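# Fold and contact review
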Amino acid sequence: FFIISSLKLTEIQKVRILFYFTVAGSINAIITIIHWITVTGGVIERYNYFPPISGSNGIQIYFMIFTFFTGITLLKLKISQTRKLYVKIAISLCLINMLSILVREAWIIFIFSLIILWLLTTKRSKFSKYLIGIFIVAISIFSIYTILSSLDILSDIISINSEGSSASTIIRILMIQDSIELFLSNPFFGVGFGNFSFHSDLYVNLSGGNIERVNSPHNALLLIACE
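Throughout what follows, the structure given in this document is the object of discussion. (Residues numbered from 1 in each chain as written. Predicted model: local features only at pLDDT ≥ 70, side-chain atom pairs only at ≥ 80, totals over all residues. Heavy atoms only, no water.)

### Looking at helix α4 (residues 81–99)
We apply this condition: Per the convention used, a helix needs a DSSP run of H or I reaching at least four residues, while a strand needs a run of E reaching at least two, with both numbered from the N terminus. Take the number of residues in a helix, subtract one, and multiply by 1.5 Å to get its expected span. The buried label goes to any residue with under 20% of its type's maximum accessible area, the exposed label to any with over 50%, and the partly exposed label to all in between, with areas taken from a 1.4 Å probe on protein chains only. The directions considered for the arc are those from the helix axis to the C-beta atoms.
Between the first and last C-alpha of α4 there are 27 Å, a value that for 19 residues agrees with the 27 Å anticipated at 1.5 Å per step. For α4, every residue scored as buried is listed here: V87, A90, I91, L93, C94, N97 and M98. Within α4, the buried residues cover an arc of 160° as seen down the axis, which keeps them to one side. In α4, the exposed positions that point more than 90 degrees away from the buried face belong to Q81, T82 and L85.

Below, the structure written as structure tokens:
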């Protein structure tokens, strides 16, 4: 957004850039959906497959969110009916791909991004806009909690299961502590870009009983501080 808005581009050039990103995202979505169906048979579960292009469930959803919003932007601009049809298909593919990946944080970010988009673009009065906005946020929070609870993907946040796997919150707290210690031991120059995994010696017990070495603090600010 900042790159495009800061450059002296014509409307046609902006449309071409956004359309390029939308096409690239839709191709990514098609490949990932085919891979998901091939690997899982179309079953929706947490981390039951890894997207072949991004290699990460979370990153893949962010790619799809990015493509979704570039598509929404294109639909508001002057483009041909053929391109509009393609953009609508691309947006649908992105949503299908996103549905196949259960990443709680990314989905919540996406839903609240939609709410912010509505608040910024609606022509309602400020009072009614924020009143409806508060109602939508409340309904969204309730719906998210209900859906995630029904899918049984909230239990690992604060509880330890029968196999002794650490809760998600406990793992993240340990990661934060480990990262802060690493930063304090190298406060001026850090450990070097891309070298976090070589200096972290934290191991966590994941679901399924797997003990894995932490190669990222799962927090961009801490990662930058350490490296």
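Moving on from the coordinates now.
### So, the packing of aromatic side chains
Applied cut-off: For this analysis, a ring pair means two rings from Phe, Tyr or Trp (six-membered ring only for Trp) whose centres lie within 6.5 Å, classed as stacked if their planes differ by under 30 degrees, edge-to-face if by over 60, and tilted for the remaining angles.
Counted under the stated rule, the structure contains seven aromatic pairs. Consider the rings of F19 and Y86, whose centres lie 5.8 Å apart with planes at 55°: the pair is tilted. Of this pair, F19 sits in helix α2 (residues 11–40) while Y86 sits in helix α4; the two residues are 67 residues apart in sequence, bridging distant segments of the chain. Residue classification places F19 among the buried positions, given a relative accessible area of 16%. On the basis of relative accessibility, which here comes to 30%, the residue Y86 falls in the partly exposed class.

### A look at the nonpolar core
Heads up, the rule is: Residue types Ala, Val, Leu, Ile, Met, Phe, Trp, Tyr and Cys, when buried and joined through side-chain atoms within 4.5 Å, form a set referred to as a nonpolar core. It only takes one pair of heavy atoms within 4.5 Å for two residues to be counted as in contact.
Membership of the largest hydrophobic core comes to 23 residues, with the highest contact counts inside it found for I61, L74, V87, M98 and F110. Secondary structure elements with two or more residues in this core: α2, α3 (57–75), α4 and α5 (104–121). By residue number, the principal contributor to this core is α2, which donates six residues. Excluding residues within four positions of it along the chain, I61 makes contact with M98, I101, V103, A106 and W107.

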